[in-house]
Amino acid sequence: MRQQIGSMRVILGDEEIVEDAEAMDLDGAKIAFELRQARQALSDLSTALAAKQGAIGATGSAVELEAEAELLREQIQQAQEGSEVLDLAMTALRRADETLRSRFSPQITADAGLLLSKLTGGKYPNVLLEPGMLLSVRSEDGAVMRPAAAMSCGTADQMYLALRLAMCERLLPEDAPLVLDDALVNFDDNRARAAIDLLTELAKKRQVILFTCRKFGD
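None of these values were measured; they are calculated from a predicted model. (Residues numbered from 1 in each chain as written. Predicted model: local features only at pLDDT ≥ 70, side-chain atom pairs only at ≥ 80, totals over all residues. Heavy atoms only, no water.)

J.: Looking at this model, I keep getting lost on the overall build of the chain. Mind explaining?
T.: Tallying secondary structure elements over the chain gives six helices and five strands in all. N-terminal to C-terminal, the α/β element order of the chain is α-α-α-α-β-β-β-α-β-α-β. Carbon together with sulfur atoms contributes 53% to the accessible area of the chain, which is approximately 13,200 Å² in total. (Helix = DSSP H or I, 4+ residues; strand = E, 2+ residues; numbered from the N terminus. Areas by Shrake-Rupley, 256 points an atom, 1.4 Å probe, with all protein chains shown as cover.)

Take a look at the structure:
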């Protein structure tokens, strides 16, 4: 347990969090759940220890009760260390997420804008990526950003397809294949053809596998 705490403190040191594979593999929801459980277990153990200590005081000197109390103290120590590990893991995860956003978000947003422009024939060249992976778009001649939720299903899917492709291009190794499962389900024929043209262009650099129920002509 102490080794885990030491490892987490190294992760939270002066080095860039995003470069640490251990930090990037952390599951935020799982850590948060385990942290709640650890804190509850710590509270339960503290209550049990207080009860044992009270029983010892009431009976004078009970060797068996004192042994149980000592065991509870050891369990509390372990629970405290586990809680500390989870606290540090949550901090590492938050910092890794912040570093990832600050480092890659502007690049990915720019790439997504170029890809969306190709998908929409230049109609939507400007994309804004907000926290929570929320996308907004501005038309070529417009001044107001419009969120994906305000767009048609087809256009919203184009926006998120452009974002996924941009992230894959930036974050995946060059030899990693790109697998898309029915990503064109809400595309009309024109949108689908534009998407196929874009994927064909990307396939010159990496393998692209597209699963779809659509039929395409020659």
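J.: How should I be thinking about the pattern of salt bridges in this particular structure?
T.: Enumeration according to the criterion identifies five salt bridges in this entry. Across the pair Glu169 and Arg206 runs a salt bridge whose closest N-O atoms are separated by 3.0 Å. Of the two residues, Glu169 is situated in helix H5 (residues 153-171) and Arg206 in the loop between helix H6 (189-202) and strand E5 (208-211); the sequence distance between them amounts to 37 residues. If you follow the salt bridges from partner to partner, you end up with Glu169, Lys205 and Arg206 in one network. (Salt bridge = Lys/Arg side-chain N within 4 Å of Asp/Glu carboxyl O.)

J.: Can you walk me through the nonpolar core in this structure?
T.: Generally speaking, nonpolar side chains in soluble globular proteins are found buried as a group. Among the nonpolar cores identified, the biggest contains 32 residues, and Leu116, Met159, Leu161, Leu165, Leu180 and Leu184 are the most heavily contacted of them. Those elements giving two or more residues to this core turn out to be helix H4 (63-119), strand E1 (126-130), strand E2 (134-138), H5, strand E4 (178-181) and H6. A total of eight residues in this core trace back to one element, the largest contributor, which is H5. When residues no more than four places from it in sequence are discounted, the contact partners of Leu165 are Leu115, Leu178, Leu180, Leu198, Leu199 and Leu202. Leu42, Leu49, Ala69 and Ala79 belong to the second largest nonpolar core, which has seven residues in total. (Core = buried A, V, L, I, M, F, W, Y, C linked by side-chain atoms within 4.5 Å. Buried < 20%, exposed > 50% of the residue type's maximum accessible area, 1.4 Å probe, protein only. Contact = heavy atoms within 4.5 Å.)

J.: Honestly, the sheet that holds strand E3 (residues 146-147) in this entry has me stumped. Any pointers?
T.: Picture the strands of a sheet paired through backbone hydrogen bonds; they go either parallel or antiparallel. Overall, antiparallel pairing links the three strands, which are arranged E1-E2-E3 in an open sheet. The sheet is open, and its two borders are formed by E1 and E3, each paired with just one other strand. As defined by bridge partners, E1 adjoins E2 across five bridges and the pair is classed as antiparallel. Opposite Asn126, over in E2, you have Arg138 as the bridge partner. Across the sheet, H5 is in contact with E1, E2 and E3; its angle to E2 comes to roughly 110 degrees. (Pairing = 2+ DSSP bridges. Axes fitted to C-alpha atoms, helices over the stretch in contact; angles between N-to-C directions.)

J.: Which parts of the structure should I look at to understand the pairing of E2?
T.: Successive side chains on a regular strand alternate, one facing one side of the sheet and the next facing the other. Of the pairings in the sheet, the one linking E2 to E3 comprises two bridges and is antiparallel in character. The residue of E3 that forms the bridge with Val137 is Arg146.

J.: It is not clear to me how unusual backbone geometry should be interpreted in this structure. Could you clarify?
T.: Apart from glycine, the bulk of residues carry a negative phi angle, and the bulk of peptide bonds sit in the trans form. Residues other than glycine seldom take positive phi values, yet Asp182 does so here, at roughly 50 degrees. Assignment of secondary structure puts Asp182 in the loop between E4 and H6. Exposure remark for Asp182: the relative accessible area of 25% places this residue in the partly exposed category.

J.: How do you make sense of the confidence of the model for the chain when you look at a structure like this?
T.: Do not read the predicted coordinates in detail wherever pLDDT is low. For the chain, the average pLDDT comes to 77, and 75% of its residues sit at 70 or higher. In the predicted structure, residues 1-5 sits below a pLDDT of 50 and forms eleven contacts with residues beyond four places in sequence or in another chain. (pLDDT = per-residue confidence, 0-100.)

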